[in-house]
Amino acid sequence: MKTTRQQQDATRRQIVASAVDLMTRQGFDGTTMKDIARAAGIGDATIYKYFPTKDRIVLGYLDEVVHASLADTLQAPGFASYSLQEKLQRLTDAVLERLLADREFVAEMHKVARRSPLALMAEPLPARAALRDAVASFLEAAEASGEIEPCDFKGLAGGLYTDYLGGVVAYWLADESDGFADTTQLVDLSLGVLVLTLRTGLVSRALQLGGFVLRSQMARFMQRGSGLVGVLRAAQQTLDDMGAVPVRRAPATAPAAPPPPGAAAGQKPRKARTKAGGPSPAAATPADAAPATAAAPVRRTRKAAP
């Protein structure tokens, strides 16, 4: 019998919930896919139709947390009238509130991520895209209302927020203050500085200045005699020393053979005739002449730029 989308979503949530419970008690390494499947009440092979690995189950948990937090944030009464800082604070608080019930599991996953940081980062995370788009929309609203200066890096800022949120979660896991007051203070201060920076347009001006400097320096470097060749050679040598793959250089070609004695000036050399499909024979030489030896390729050295 074919399962409906609602049944599949329910099964997926049950798998994630069972994994969270088992990994909290047994640890990530002490829990197998078979353990999770049996705890979820599904077949050992069925679980792989939903999640191919334990890492993907963890990412599934993060996806659920992020999407639920976004829903909680956007449904807050009067959210549209919030300032940019209030919107970011509300979203950050919503994520931490969702993680609070599973704090021990989150701490266990944090240990796994620190032990092998690329294990989870290598997997696609739809939640990252959802957070990026949400933060970009917050920035667009703030820009439209005149709360901040025009921002040309909304997508980048949205992506950086996900990294910021990961840092906040790590800080929260180590926070032993009453009611996680230190984490609250960290979020308030850091987001306050961020919004103040956007309000003054400091980041945009810094990017514009950096772009101007880059363009002016590139124009100067591209002039002959600027030392660009020397800089590139130094960079290539540094990369070679670091074990980078050397650049393949085309072999130097042998100089053209001089025309045979007695050839008329300006007369083109005759091409040796070849049979169809056969190899090109060497040019004919008199019987009493010694066989010509191929000229050794001469390695040309390019004159260094002044």
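Residues numbered from 1 in each chain as written. Predicted model: local features only at pLDDT ≥ 70, side-chain atom pairs only at ≥ 80, totals over all residues. Heavy atoms only, no water.

Q: Residues and numbers for the overall build of the protein chain, please.
A: Helix and strand content of the protein chain: twelve helices and zero strands. Going through the 306 residues of the protein chain one by one, you find that 26% of them count as buried. Across the protein chain, the fraction of contacts at a sequence separation of at least 24, relative to all contacts at a separation of at least 6, is 68%. When the accessible surface of the protein chain is split by element, carbon and sulfur atoms take 58% of a total near 21,100 Å². (Helix = DSSP H or I, 4+ residues; strand = E, 2+ residues; numbered from the N terminus. Buried < 20%, exposed > 50% of the residue type's maximum accessible area, 1.4 Å probe, protein only. Contact = heavy atoms within 4.5 Å. Areas by Shrake-Rupley, 256 points an atom, 1.4 Å probe, with all protein chains shown as cover.)

Q: Describe the nonpolar core, listing the residues and the values that go with them.
A: If you look at the biggest cluster of nonpolar residues, it comprises 55 residues, and the most contacted ones within it are Ile15, Ile57 and Leu84. Here Ile57 is in contact with Ile15, Val16, Ala19, Met33, Ile36, Ile47 and Phe51, once residues within four sequence places are set aside. (Core = buried A, V, L, I, M, F, W, Y, C linked by side-chain atoms within 4.5 Å.)

Q: Please give an account of helix α10 (residues 181-200) that cites residues and values.
A: With 20 residues, α10 should cover 28 Å at 1.5 Å per step; its first-to-last C-alpha distance of 29 Å lies within 8% of that length. Taken together, the buried positions of α10 are Thr183, Val187, Leu191, Val195 and Leu198. End-on, the buried residues of α10 take up no more than an arc of 85°, which puts them together on one face. Opposite the packed face of α10, turned more than 90 degrees from it, sit the exposed residues Leu189 and Val193. Buried positions along α10 lie against α5 (84-100), α8 (126-144) and α9 (154-173). (Expected span 1.5 Å × (residues − 1). Arc of directions from axis to C-beta.)

Q: For the packing of aromatic side chains, give the residues involved together with the corresponding values.
A: Taken as a whole and judged by the stated rule, the model has five aromatic pairs. Looking at Arg12, its charged tip hangs above the ring of Phe51, at a distance of 5.2 Å from the centre. (Phe/Tyr/Trp six-rings, centres within 6.5 Å; stacked < 30°, edge-to-face > 60°. Lys NZ or Arg CZ within 6 Å of the ring centre and 35° of its normal.)

Q: Please set out the packing of α5 against α8 residue by residue, giving values where relevant.
A: At a closest axis distance of 9 Å, the pairing of α5 and α8 adopts a crossing angle of 160°. It follows from the interaxial angle that α5 and α8 lie roughly antiparallel. At the point where α5 passes α8, the crossing takes the right-handed sense. Residue-level contacts link Leu84, Lys87, Leu88 and Leu91 of α5 to Leu131, Val135, Phe138, Leu139, Ala141 and Ala142 of α8. Along the lines of polarity and charge, the residues of the contact of α5 with α8 split into nine nonpolar, no polar and one charged. (Axes fitted to C-alpha atoms, helices over the stretch in contact; angles between N-to-C directions. Parallel < 35°, antiparallel > 145°, perpendicular 65-115°, else oblique. Left-handed = near helix turned anticlockwise from the far one by under 90°. Nonpolar A, V, L, I, M, F, W, Y, C, P; charged D, E, K, R; others polar.)

Q: Which residues make up the confidence of the model for the protein chain, and what values do they have?
A: Across the protein chain, the average pLDDT comes to 77, with 65% of residues at or above 70. Here residues 244-250 is a poorly scored stretch, pLDDT under 50, and it has four contacts once near neighbours within four places are set aside; other chains count. (pLDDT = per-residue confidence, 0-100.)

Q: Tell me about the pattern of salt bridges, residues and numbers included.
A: Across all of its chains, the model carries eight salt bridges by this definition. A salt bridge links Arg5 to Asp9, with the nearest nitrogen and oxygen atoms 3.4 Å apart. Of the two residues, Arg5 and Asp9 both sit in helix α1 (residues 5-26), four residues apart, roughly one turn of that helix. Residue classification places Asp9 among the partly exposed positions, given a relative accessible area of 29%. (Salt bridge = Lys/Arg side-chain N within 4 Å of Asp/Glu carboxyl O.)

Q: Could you give an account of the side chain of Gln89, with specific residues and numbers?
A: With respect to the helices and strands, Gln89 occurs in helix α5. Classification of Gln89 as buried rests on a relative accessible area of 17%. Not counting the four nearest positions on each side in its chain, Gln89 is found in contact with Val187, Asp188 and Leu191.

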